[in-house]
Amino acid sequence: MAGRVDLDGNTINPITICMIGAGGFIGSHLCEKLMSETQHTVLAVDVYSDKIKHLLEPASLPWTGRIQFHRINIKNDSRLEGLIKMADLVVNLAAICTPADYNTRPLDTIYSNFIDALPVVKYCSENGKRLIHFSTCEVYGKTIGAFLPQDSPLLQDPAYYVLSEDASPCIFGPIEKQRWSYACAKQLIERLIYAEGAENGLEFTIVRPFNWIGPRMDFIPGIDGPSEGVPRVLACFSNNLLRHEPLKLVDGGHSQRTFIYIKDAVEAVLLMIENPARANGHIFNVGNPNNEVTVRQLAEMMTQVYSKVSGESSLETPTVDVSSKEFYGEGYDDSDKRIPDMTIINRQLGWNPKTPLWDLLESTLTYQHRTYAEAVKQAMSKTTAN
Ligand code: NAD
Ligand code: UDP
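Just so it is clear, the structure is predicted and the values come from calculations on it, not from any experiment. (Residues numbered from 1 in each chain as written. Chains lettered and ligands numbered in written order. Predicted model: local features only at pLDDT ≥ 70, side-chain atom pairs only at ≥ 80, totals over all residues. Heavy atoms only, no water.)

Q: Looking at this model, I keep getting lost on the overall build of the protein. Mind explaining?
A: On a plain count of helices and strands, the protein comes out with 14 helices and 15 strands. The globule rule puts the C-alpha radius of gyration for 386 residues at 21 Å, and the 21 Å found for the protein is close to it. For the protein, the spread of C-alpha atoms along the three principal axes comes to 55 × 55 × 40 Å. In the protein, buried positions account for 53% of the 386 residues. Taking all contacts inside the protein whose residues are at least 6 apart in sequence as the whole, residues at least 24 apart take part in 80%. With an accessible surface of roughly 17,400 Å², the protein has 51% of that area assigned to carbon and sulfur atoms. (Helix = DSSP H or I, 4+ residues; strand = E, 2+ residues; numbered from the N terminus. Rg over C-alpha atoms; globule rule 2.2 N^0.38 Å. Buried < 20%, exposed > 50% of the residue type's maximum accessible area, 1.4 Å probe, protein only. Contact = heavy atoms within 4.5 Å. Areas by Shrake-Rupley, 256 points an atom, 1.4 Å probe, with all protein chains shown as cover.)

Q: Would you mind going over the site of ligand 2 with me for this structure?
A: Taken together, 19 residues lie around ligand 2, and K248, R257, Y332, D334 and R338 are the ones closest in. Measuring from an oxygen atom of ligand 2, one finds a backbone N or O atom of V250 at 2.9 Å. R338 places a polar side-chain atom, nitrogen or oxygen, 2.9 Å from an oxygen atom of ligand 2. Looking at the shell around ligand 2, the elements with two or more residues in it are α8 (233–242), β9 (247–250) and α12 (324–328). (Near = heavy atom within 4 Å. Polar contact = N/O pair within 3.5 Å; in protein donor to acceptor, adjacent residues only side chain to side chain.)

Q: Explain the packing of aromatic side chains to me, please; I cannot follow it from the model alone.
A: The geometry of an aromatic ring pair is captured by the separation of the ring centres together with the interplanar angle, meaning the angle of the planes. All told, the structure shown has seven aromatic pairs when counted by the stated rule. Aromatic side chains F134 and W212 sit 5.8 Å apart centroid to centroid with 85 degrees between the ring planes, which places their arrangement in the edge-to-face category. In this pair, F134 sits in strand β5 (residues 130–134) while W212 sits in strand β8 (residues 212–213), placing the two residues 78 residues apart along the sequence. Ring pairs connect the aromatic residues F327, Y328 and Y332, which therefore count as one cluster. (Phe/Tyr/Trp six-rings, centres within 6.5 Å; stacked < 30°, edge-to-face > 60°.)

The following block contains the structure:
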């Protein structure tokens, strides 16, 4: 840890980071990395602390004193400004960011991703604090290629599907497709932050994550989250596998995604934190263009990997088709394909993802099996007994 230097060979001095949403999936991994690999201090703000409690106690942990948890709902807590004033850098991760909420709780989604982020931007701007704000790859919406005939030769041309921070348009569906409430709120907060930079000199970096996955993502319904809850695809499929039920493919599972291991992704965020001169004023895609699959292929691969790590045989019929209306309700829509252009992050931070999809699924599903298999078995036997 001693003698850490930035990408330009300058010594990195320890700073204080106010991390909002630190108790979530990404926050927990970022806190872990900051505690184990750096000397920075974290003021961790969230309404939950379960995913970082291993970092907060016991008091004998080597980083005790460098991480403080503040149970604060940023919607309505005047302590937020004080914490931002104490920090050198603010990282804002707080959001409602689960697709099942976008069309069923559009108001909460818009408030969380736009209105609740406004004071954070304002306090940073007024107090001259640097801001790293988490947006989403979903701001790109659909690809241009999604509107071409399926047999068009143009579909082979990357210009029609690779998503570039400084060139691609943001293409959302009609207002009644409330799926896009999240993307639209995130886009507007990006524009506001960009404008604060342009007009008032706010030092900012915007991160667009492309399907970061790994341990501690979301929850397993009925075990550490609501029984009727619908998490993101990794946790949905993990839940199906743990319960020995077929994985549900929404609208045939044709949509394509690129998945990146959380541990690769937080390396990129640490580079942004420690190289402000290279990161300020930029929007960065953070994803792994080499890990592209359809959702159907993801289901097939997760089934194989789970069978390997659990020692259990796979179901004869491992997947079942379900309509998006049945699964998510009215107003759902989907991103067709998400391949990140890596030019800007490569040029500014020299960062590249490392972990292939099979490997990241193997470590993640090993964690899911170890953490949940017994609890799911017990919950299922209780249900059968009743
Ligand atoms: P997460 O839901 O695990 O974490 C978000 C955290 O914010 C939660 O712990 C939640 O309690 C907290 N939070 C929400 N509202 C709050 C409030 N009002 N006050 C205090 N805390 C609040 O999600 P994540 O996957 O860790 O995502 C973090 C950020 O990254 C989000 O902004 C999300 O939009 C963005 N993102 C993530 C991904 C991904 O692949 N995981 C993809 C695109 C965008
Ligand atoms: N999906 C699916 N079955 C599930 C959960 C999700 O087929 O049980 C699909 C979903 O429709 C989308 C993709 O998986 O096409 C990824 O969904 P996720 O919730 O992870 O978020 P997104 O990438 O859409 O933001």
